[in-house]
Amino acid sequence: MSSSCSSCSSSSSCSGSCPSVPELTEAQKLSKVKNVIAIMSGKGGVGKSSTTSMLAVSLNRLGYRVGILDADVTGPSIPKIFGLKGKAGAEEHGIIPVKSDGGIKIISLNLMIPNEDDPVIWRGPVISQLVKQFWTDVVWGEIDYLLIDLPPGTGDVPISVMQSMPVDGLVIVTSPQQLANMVVRKAIKMANIYKATFYGLVENMAYVECPDCKKRIEIFGKPAGEQEAAANGIPYLGQLPIDPKLTELSDNGKVEEYHSALFDDIASKVVMRSQQKAPQETV
Ligand code: ADP
């Protein structure tokens, strides 16, 4: 049974050959993805890709098999953050993702084009189709958590992802300087429409810690993520500081060397939330 059956009123008496559910592709038959989590933000630069990457790293360290689907096609940063050099392979059943040093499976347009600096000048529907193929045509194999790094906003690609992929949970990344409330409300509406659970809100760049006196300096103003989350009835996953070490390691493709108890805590909360849904394989 596919996850799209779960919302069907006939699922209990169904033989499993429903014409409205598309046949699985060869790549999907070879994949067992247990949890799909989409990471979204209202605008670029708030640390969505960094959060996706670190969440993947922490989940991987917890012993889970993790994949990242880079749906931020026009601004793909995941391969660079992980320092990936190789290109995605192809075999008779589909596309083979590239593995990070720590074993995280990653697919991104930048792992398919000859030159990673080439701009993507495609229109929305073409990009959406490509992202769908990252789901249908990639041999993901056995994955406990597939994280989807969505482009910022609630445009074509996020809608297409929510419509065509069995997204179990949403994580929203905000920073104190953005209009968090509006973004959070839009994301909640989206989660409700597509029956995804809101796993929670991460507030990135909330403060910087003085390396000498350890005083917290809230350079973008007072963080309000916790109140936003509470006001909108969604879980608050936590606050992250601006850490120059994270920027440096990400810029050098060494994000897997970054350790943060704060990210580990966020990852544990995400695991807890995902376990509250009925266990089932998505593909
Ligand atoms: P987005 O995906 O939202 O566009 P990125 O994750 O690419 O944002 O982050 C934008 C820049 O900010 C990157 O250079 C990244 O390394 C840096 N950055 C993100 N979060 C932090 C943080 N908590 N501390 C330090 N630098 C950060």
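Since this is a predicted model, take the numbers as computed values, not measurements. (Residues numbered from 1 in each chain as written. Predicted model: local features only at pLDDT ≥ 70, side-chain atom pairs only at ≥ 80, totals over all residues. Heavy atoms only, no water.)

Undergrad: Lay out the pattern of salt bridges in plain terms, naming residues and giving numbers.
TA: Enumeration over the complete set of coordinates arrives at eight salt bridges. A salt bridge links Asp149 to Lys48; the nearest nitrogen and oxygen atoms lie 3.0 Å apart. Remark: Lys48 occurs in helix H2 (residues 48–61) and Asp149 occurs in strand S7 (residues 142–149); sequence separation between them is 101 residues. Each member of the pair, Asp149 as well as Lys48, is classed as buried. One salt bridge in this structure joins Glu218 and Lys222, with 3.7 Å as the shortest N-O distance. (Salt bridge = Lys/Arg side-chain N within 4 Å of Asp/Glu carboxyl O. Helix = DSSP H or I, 4+ residues; strand = E, 2+ residues; numbered from the N terminus. Buried < 20%, exposed > 50% of the residue type's maximum accessible area, 1.4 Å probe, protein only.)

Undergrad: Could you give an account of the site of the ligand, naming the residues involved and the relevant values?
TA: Neighbouring residues of the ligand: 14 residues in total, closest Gly45, Lys48, Ser49, Ser50 and Asp243. Measuring from an oxygen atom of the ligand, one finds a backbone N or O atom of Ser49 at 2.8 Å. Interatomic distance of 2.9 Å between a backbone N/O atom of Pro241 and a nitrogen atom of the ligand. At the level of secondary structure, the elements contributing two or more residues to the shell around the ligand comprise H2, strand S9 (197–209) and helix H8 (244–251). (Near = heavy atom within 4 Å. Polar contact = N/O pair within 3.5 Å; in protein donor to acceptor, adjacent residues only side chain to side chain.)

Undergrad: With reference to specific residues and values, describe the pairing of strand S1 (residues 32–41).
TA: Among the 10 residues in S1, eight count as buried, and that is most of the element. Both S1 and S7 contribute to a ladder of seven bridges, which runs parallel. Bridge pairing links Asn35 to Tyr145 in S7. Strand direction decides the pairing type here: S1 and strand S8 (residues 169–174), joined by five bridges, are parallel. For Ile39, the partnering residue across the bridge sits in S8 and is Val171. (Pairing = 2+ DSSP bridges.)

Undergrad: Explain the state of the cysteines residue by residue, including any values.
TA: In total, this model carries zero disulfides according to the counting rule given. The cysteine Cys210 is free of any disulfide, with Cys213 supplying the nearest cysteine sulfur at 3.5 Å. Judged by its relative accessible area of 17%, Cys210 falls in the buried class. Judged by its relative accessible area of 53%, Cys213 falls in the exposed class. (Disulfide = S-S within 2.5 Å.)

Undergrad: Explain a nonpolar patch on the surface to me, and be specific about the residues and the numbers.
TA: Side chains of Ile217, Ile219 and Phe220 sit close together on the surface and give an oily, nonpolar patch of about 260 Å² of accessible area. Judged by its relative accessible area of 38%, Ile217 falls in the partly exposed class. (Patch = residues over 30% accessible without salt bridge, like charges linked within 9 Å, V, L, I, M, F, W, Y side chains within 5 Å. Areas by Shrake-Rupley, 256 points an atom, 1.4 Å probe, with all protein chains shown as cover.)

Undergrad: An account of the packing of H2 against helix H9 (residues 261–275) is requested, with residue identities and associated values reported.
TA: Direction vectors running N to C along H2 and H9 enclose 75 degrees, while the axes themselves pass 9 Å from each other. Here H2 lies roughly perpendicular to H9, going by the angle between them. Judged by residue contacts, Thr51, Met54, Leu55, Ser58, Leu59 and Arg61 of H2 engage Phe263, Asp264, Ile266, Ala267, Val270 and Val271 from H9. A class-by-class count of the residues in the contact of H2 with H9 yields eight nonpolar, two polar and two charged. (Axes fitted to C-alpha atoms, helices over the stretch in contact; angles between N-to-C directions. Parallel < 35°, antiparallel > 145°, perpendicular 65-115°, else oblique. Contact = heavy atoms within 4.5 Å. Nonpolar A, V, L, I, M, F, W, Y, C, P; charged D, E, K, R; others polar.)

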